[in-house]
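The chain contents come next:
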Amino acid sequence: MTPLIDIIFLLLLFFMLSSTFSKYSEIELSNATSGGGSSAEAPKRTFVQLGAERLLVNGAPMTLKAMGESIEEGQVLVSLDQDVNAQGVIDLLVQLRGRDGLNVLVLE
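The present account deals with the structure reproduced in this document. What you are looking at is a predicted structure, and each value in this text was computed from that prediction instead of being measured.

### Describing the sheet that holds strand E2 (residues 55–57)
Taken in spatial order, the 5 strands make up an open sheet running E3-E2-E1-E4-E5, and their pairing is mixed. The open sheet has two free edges, formed respectively by strand E3 (60–61) and strand E5 (102–107), since each of these has just one partner strand. Pairing between strand E1 (residues 45–50) and E2: 3 bridges, direction antiparallel. When the bridges of E2 are listed, Leu50 appears paired with Leu55.

### Focus on the nonpolar core
Taken as a class, soluble globular proteins show a tendency for nonpolar side chains to be buried jointly. Grouped together as the largest cluster of nonpolar side chains are 15 residues, with contacts concentrated most on Val48, Met67, Val76, Leu92, Leu96 and Val104. Contributing elements (two or more residues each) for this core: E1, E2, strand E4 (74–80), helix H3 (86–96) and E5. With 4 residues, the single largest contributor to this core is H3. In contact with Val48, not counting residues within four places along its chain, are Leu55, Leu56, Val57, Met67, Val76, Leu77, Val78, Ser79 and Leu92.

### Some points on the side chain of Gln75
Note that Gln75 resides in strand E4. Gln75 gets classed as buried once you look at its relative accessible area, which sits at 14%. Not counting residues up to four positions away in its chain, the partners in contact with Gln75 are Pro43, Lys44, Arg45, Thr46, Asn103 and Leu105.

### What about a nonpolar patch on the surface?
Together, Leu4, Ile5, Ile7, Ile8, Phe9, Leu11, Leu12, Phe14, Phe15 and Met16 line one region of the surface with nonpolar side chains, adding up to about 1,000 Å² of accessible area. Positionally, Ile8 belongs in helix H1 (residues 4–18).

### Considering unusual backbone geometry
The residue Asn58 is not glycine, and still its phi comes out positive at about 55°. Its location among the elements puts Asn58 in the loop between E2 and E3.

Thresholds applied
- Residues numbered from 1 in each chain as written.
- Predicted model: local features only at pLDDT ≥ 70, side-chain atom pairs only at ≥ 80, totals over all residues.
- Heavy atoms only, no water.
- Pairing = 2+ DSSP bridges.
- Helix = DSSP H or I, 4+ residues; strand = E, 2+ residues; numbered from the N terminus.
- Core = buried A, V, L, I, M, F, W, Y, C linked by side-chain atoms within 4.5 Å.
- Buried < 20%, exposed > 50% of the residue type's maximum accessible area, 1.4 Å probe, protein only.
- Contact = heavy atoms within 4.5 Å.
- Patch = residues over 30% accessible without salt bridge, like charges linked within 9 Å, V, L, I, M, F, W, Y side chains within 5 Å.
- Areas by Shrake-Rupley, 256 points an atom, 1.4 Å probe, with all protein chains shown as cover.
- Salt bridge = Lys/Arg side-chain N within 4 Å of Asp/Glu carboxyl O.

Encoded structure:
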């Protein structure tokens, strides 16, 4: 007679090998680089402060949709408040993704 633990491990192994794992979509974040670049013109910088109940773009309150339409190129520095959740950050990054010439840097 086979012990119950052997049957449980065989079932566990069967379900692990027969299941499929879905890959979630990824958002690419760039690392900070040194400031000693050789470009003569500094990129246009936009400062975004994200909280649970607020979104400030260069100090002015704004909605996510309006922010996504107004920022086209340059560098976006995102500062997160203590009360922001992960969904808020993802919503912000979705509004800014897929644009050539736009560099998003999330500060902790």
